[in-house]
Amino acid sequence: MTQIETRLAELGVTLPDAPHACMANYVPFVVVGNLVHVPGQISQNAGGLIKGKLGADLDVAAGADAAKTCAISLLAQVKKACGGDLSRLVRAVKLVGFVNSTPEFTDQPKVINGASDFLVAALGDAGRHARSAVSAASLPLGVAVEIEGSSRSARDARAPACGFPAPAAGASRAA
Amino acid sequence: MTQIETRLAELGVTLPDAPHACMANYVPFVVVGNLVHVPGQISQNAGGLIKGKLGADLDVAAGADAAKTCAISLLAQVKKACGGDLSRLVRAVKLVGFVNSTPEFTDQPKVINGASDFLVAALGDAGRHARSAVSAASLPLGVAVEIEGSSRSARDARAPACGFPAPAAGASRAA
Amino acid sequence: MTQIETRLAELGVTLPDAPHACMANYVPFVVVGNLVHVPGQISQNAGGLIKGKLGADLDVAAGADAAKTCAISLLAQVKKACGGDLSRLVRAVKLVGFVNSTPEFTDQPKVINGASDFLVAALGDAGRHARSAVSAASLPLGVAVEIEGSSRSARDARAPACGFPAPAAGASRAA
């Protein structure tokens, strides 16, 4: 296990071996240079999709839990992009977090903290990232949170570290 | 014609020679290194703007058609960024798709598929991209869909392939 | 003073020495290669947060003023990322502007122009950028506008111009 995976085990988090496949005609990650771009990951865990609107159906704590599942999916995709070797992950770069909420909801940052706090807990300083947190009028399949991300891997595009993704396939879902 | 343009002709799509200009004080694309960043393209075709809210005014099929027009505009901007030579386009990297919808709408992925499917039809595997699909509370001028994108061109920033854009000018519109 | 700061003084704008710190477990900027990524900056000035919904509480002019404060915060973060030396800023690359609005509001571009016009006034052609402007169902703390940005600095990641940010700390707020 890498140092990161030891830390994940301490946190009680197991990254899915086969991250959620895509809902449509796109790919689970794209590598350009040493940047890995991961599409929007929707809130879900082993129990299925985490649905609902903040400000109506879910409280902030439940929203933060939902955001954490997005971050776990992001990290699982990055691991796959790095050929299964998370030690090639240099740092998280940026998250954009979309919260499914009522028009009156104002605690987007506390919700997306569920993702940010997890990444820092798992990756240490390398988990610190730039971030935006906004509300979406609604989200795919009614999920509570969707987060996209980019991160930096160790090597450069001219000698690609992670290879380009194969076409998407599979039964599970990402937005 | 490049291979891509032959394929576009087979698909019955003609890229506008003069892509929609910007609505404001920004530029139709920015090239950094081998990445072309294209601002949000709003749904429109030769008949004008495609307006309306998914979940109220438009069904999913109409939304997907609207999304396809955004992708056509994106590709037209990328062509311009590549000096008119689409063979310099290496691959689509990432789309962020915003759907103008009611708070209850949950089929954002099927709407944005209109763009994704077109890019894969036109570009083959090079058209596969990372993607996020969310709802916006509303969109510029009431359009149904807005999509921004980035793509990779053949050469590097230190020997810029596409040059920097001239200041925006023109009468038509992008968001 | 750099040329940019002379221009800022002419515009009557003083960049805050200590830009707003983050609301959560993330950092005020991330540098990858020669790109500076700045997280979403929320509308605020010396008087505090600028709150409200476009289409209900605020008119377009007030929204554009709010957007301008976001751009000032973005530029302050970029200055910090460049070690205090704005002459290392090569150009603005991209903005994504989120407007807190009613579902019927359609003047997002005019609102975000408050940011775009300021950047072009301050930076000249180097301030021209790719841009998306959409409405969010709501925004952190009820602010009117949130804008994230990326810009290009003079040097390359392999000889980092700006250094990596220290962990976020402080009392003030960014989204």
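Rules behind the numbers
- Residues numbered from 1 in each chain as written.
- Chains lettered and ligands numbered in written order.
- Predicted model: local features only at pLDDT ≥ 70, side-chain atom pairs only at ≥ 80, totals over all residues.
- Heavy atoms only, no water.
- Contact = heavy atoms within 4.5 Å.
- Buried area = accessible area lost by both parts, 1.4 Å probe.
- Salt bridge = Lys/Arg side-chain N within 4 Å of Asp/Glu carboxyl O.
- Polar contact = N/O pair within 3.5 Å; in protein donor to acceptor, adjacent residues only side chain to side chain.
- Helix = DSSP H or I, 4+ residues; strand = E, 2+ residues; numbered from the N terminus.
- Nonpolar A, V, L, I, M, F, W, Y, C, P; charged D, E, K, R; others polar.
- Pairing = 2+ DSSP bridges.
- Axes fitted to C-alpha atoms, helices over the stretch in contact; angles between N-to-C directions.
- Least-squares fit on C-alpha atoms with pLDDT ≥ 70 in both.
- Parallel < 35°, antiparallel > 145°, perpendicular 65-115°, else oblique.

*Asks:* Help me understand the interface of chain C and chain A in this model?
*Replies:* Where interface size is given, it is often the accessible area lost as the parts come together that is meant. If you look at the interface, chain C gives 26 residues, while chain A gives 32 residues. Note on chain C versus chain A: buried area summed over both sides is about 2,300 Å², and carbon and sulfur give 58% of it. With a shortest N-O distance of 2.6 Å, Glu148(C) and Lys94(A) are connected by a salt bridge. At the junction of chain C and chain A, the tally comes to 14 residue pairs in polar contact (both at pLDDT 80 or more). Looking at which element gives the most residues to the side of chain C that touches chain A, the answer is strand β2 (residues 35-42) of chain C, with three residues. Taken together, the residues of the side of chain C that touches chain A sort by class into 17 nonpolar, five polar and four charged.

*Asks:* Looking at this structure, how should I read the sheet that holds strand β6 (residues 130-136) of chain B?
*Replies:* Sheet strands associate in pairs through backbone hydrogen bonding, adopting either a parallel or an antiparallel arrangement. Residue and element names in this part refer to chain B. Taken in spatial order, the five strands line up as β1-β2-β7-β5-β6 in an open sheet, and their pairing is mixed. Of all strands in the sheet, those bounded by a partner on one side alone are β1 (30-32) and β6. The sheet shows a mean angle of 15° between the axes of neighbouring strands, taken without regard to direction. In the sheet, β1 pairs with strand β2 (residues 35-42) via three bridges, with the strands oriented antiparallel.

*Asks:* Looking at this structure, I do not really get the relation of the copies chain B and chain A. What am I missing?
*Replies:* Both copies of the chain are tied together by a single rotation about an axis and a shift running along it. When chain B is fitted onto chain A, the two copies agree to an RMSD of 0.0 Å after a turn of 120° and an axial shift of 0.0 Å. Within this description, the copies of the chain are treated as partners about a three-fold rotation axis. Closest to the rotation axis within chain B is the C-alpha of Ala137(B), separated from it by 2.8 Å.

*Asks:* What should I look at first to understand the interface of chain B and chain A in this one?
*Replies:* Of the residues lining the interface, 32 residues belong to chain B; the matching set on chain A comes to 27 residues. Around 2,400 Å² of area is buried between chain B and chain A when both sides are counted, 58% of it from carbon and sulfur atoms. Its largest share of buried area at the contact with chain A, chain B owes to Arg91(B), Arg128(B) and Arg131(B), together 21% of the area lost on that side. Seen at the junction of chain B and chain A, the total is 14 residue pairs in polar contact (both at pLDDT 80 or more). Sorting the residues of the side of chain B that touches chain A by element identifies β5 (89-100), α3 (108-123) and β6 of chain B as the ones contributing at least two each. Among the elements that make up the side of chain B that touches chain A, the one with the highest residue count is β6(B) (seven residues).

*Asks:* In this structure, what is going on with the sheet that holds β2(C)? I would like to understand it.
*Replies:* All names here are of chain C. Spatially, β1-β2-β7-β5-β6 is the arrangement adopted by the five strands of the open sheet, whose pairing is mixed. Of all the strands in the sheet, the pair left with one neighbour each is β1 (30-32) and β6 (130-136). On average, adjacent strands in this sheet sit at an angle of 15° to one another, irrespective of strand direction. Against the sheet, helix α2 (residues 60-81) touches β1, β2, β5 (89-100) and β7 (145-153), its axis set at about 35° to β7.

*Asks:* Explain the packing of helix α1 (residues 3-10) of chain A against helix α3 (residues 108-123) of chain A here, please?
*Replies:* To characterise two packed helices, one gives the angle between the axes of the helices and the distance between these axes. Residue and element names in this part refer to chain A. At their nearest, the axes of α1 and α3 sit 8 Å apart, and the two run at 125° to each other. Relative to α3, the element α1 is oriented oblique. Where α1 approaches α3, its residues Ile 4, Arg 7 and Leu 8 are matched on the opposing element by Phe 118, Ala 121, Ala 122 and Leu 123. Its residues assigned to classes, the contact of α1 with α3 shows six nonpolar, no polar and one charged.

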